[in-house]
Amino acid sequence: DTGVSQNPRHKITKRGQNVTFRCDPISEHNRLYWYRQTLGQGPEFLTYFQNEAQLEKSRLLSDRFSAERPKGSFSTLEIQRTEQGDSAMYLCASSPGRLAGSDEQFFGPGTRLTVL
Amino acid sequence: AQTVTQSQPEMSVQEAETVTLSCTYDTSESDYYLFWYKQPPSRQMILVIRQEAYKQQNATENRFSVNFQKAAKSFSLKISDSQLGDAAMYFCAYRSPTGANSKLTFGKGITLSVRP
């Protein structure tokens, strides 16, 4: 499978615990995005990387959230001291990073987080 | 900041009939991209169709076409010959030109059901 993959697919945790999600983009895609989607809503942008550089972070990304993309390949999203409001689907997407054209984003299946 | 509005939370269509999903957006940019994404239940989001704002011609992809009205900031999706597999959530999304902020801004989505 050459699409975007995310692990784990589901995560249940207790309030106050730390969780980490992983995203593996399509090979050779330079850009990688994280979005959060709550029930019945559209995805909301969290952050994105151009290779290993984190170029933008949404104000939704509080101090408890951190994302990395070492070596410009896979990315991790960590949430510290989880709160019930963090319960959501976390989506990862990647794109080639073309300078021209629409630079289509391809989405992974998401990680569903439930904070008890 | 750009905003995307999908005011219809749900729609239903008879199999083989045509349905139109509405979307409006707000932006001060003159060049941008618009997208319709499909999210089937428990499956990942896939791109249905894209429209470049500088193109006057409406985009078409098989049974899917758009009605892009730039002055009115309207971007509707028409699905012809609806099939059971078209049942999903549909999201309208906006993107600034490649090279600038490349995040997608989504609407809240619309749930489309297809009656056999």
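Residues numbered from 1 in each chain as written. Chains lettered and ligands numbered in written order. Predicted model: local features only at pLDDT ≥ 70, side-chain atom pairs only at ≥ 80, totals over all residues. Heavy atoms only, no water.

**A short note on the side chain of Ser58 of chain A**
Residue and element names in this part refer to chain A. Inclusion rule: In this description a helix means any DSSP run of H or I spanning at least four residues, a strand means any run of E spanning at least two, and both kinds are numbered starting from the N terminus. Think of a polar contact as two N or O atoms within 3.5 Å of one another; within protein, one of them needs to be a possible hydrogen donor and the other a possible acceptor, and neighboring residues in sequence only count if both atoms come from side chains. In this description, contact between two residues means that some pair of their heavy atoms is separated by no more than 4.5 Å.
By secondary structure assignment, the location of Ser58 is in the loop between strand 6 (53-57) and strand 7 (65-68). Within the structure, Ser58 has its side chain in polar contact with the backbone oxygen of Phe45 (distance 3.4 Å). Sequence-distant contacts of Ser58, defined by excluding residues within four places in its chain, comprise Phe45 and Leu46.

**Considerations on the pattern of salt bridges**
Rules: Salt bridges are counted wherever a side-chain nitrogen of Lys or Arg sits within 4 Å of a carboxyl oxygen of Asp or Glu. Here the term buried applies to any residue with accessible area under 20% of the maximum for its type, exposed to any over 50%, and partly exposed to those in between, with areas from a 1.4 Å probe on protein chains only.
Counted according to the given criterion, the structure contains eight salt bridges over all chains. The partner of Arg64 of chain A in a salt bridge is Asp86 of chain A, with the nearest N and O atoms 2.8 Å apart. Of this pair, Arg64 of chain A sits in the loop between strand 6 and strand 7 while Asp86 of chain A sits in the loop between strand 8 (75-79) and strand 9 (88-95), and the two are 22 residues apart along the sequence. According to the relative accessible area criterion, Arg64 of chain A is buried, its value standing at 11%. Of the charged contacts in the structure, one is a salt bridge between Lys73 of chain B and Asp26 of chain B, with a shortest N-O distance of 3.4 Å. Of this pair, Lys73 of chain B sits in the loop between strand 8 (64-69) and strand 9 (74-79) while Asp26 of chain B sits in strand 4 (residues 24-26), and the two are 47 residues apart along the sequence.

**Considerations on the interface of chain B and chain A**
Cut-off, in case you're wondering: Once two parts are put together, the accessible area they lose, assessed with a 1.4 Å probe and summed over both, is termed the buried area. Residue type decides the class: Asp, Glu, Lys and Arg count as charged, Ala, Val, Leu, Ile, Met, Phe, Trp, Tyr, Cys and Pro as nonpolar, and the leftover types, Gly among them, as polar.
Listed by partner, the interface residues are 20 residues for chain B and 23 residues for chain A. Interface area for chain B against chain A, summed over the two sides, is near 1800 Å², with a carbon-plus-sulfur share of 47%. Across the chain B-chain A interface, the total number found is one salt bridge. In this structure, Glu104 of chain A engages Arg50 of chain B in a salt bridge whose closest nitrogen and oxygen atoms are separated by 2.7 Å. Scanning the region where chain B abuts chain A turns up nine residue pairs in polar contact (both at pLDDT 80 or more). If you list the elements that add at least two residues to the side of chain B that touches chain A, you get strand 5 (33-39), strand 6 (46-52), strand 10 (88-95) and strand 11 (104-106) of chain B. In terms of residues, the side of chain B that touches chain A owes the most to one element, strand 5 of chain B, which gives four residues. Considered class by class, the residues forming the side of chain B that touches chain A number nine nonpolar, seven polar and four charged.

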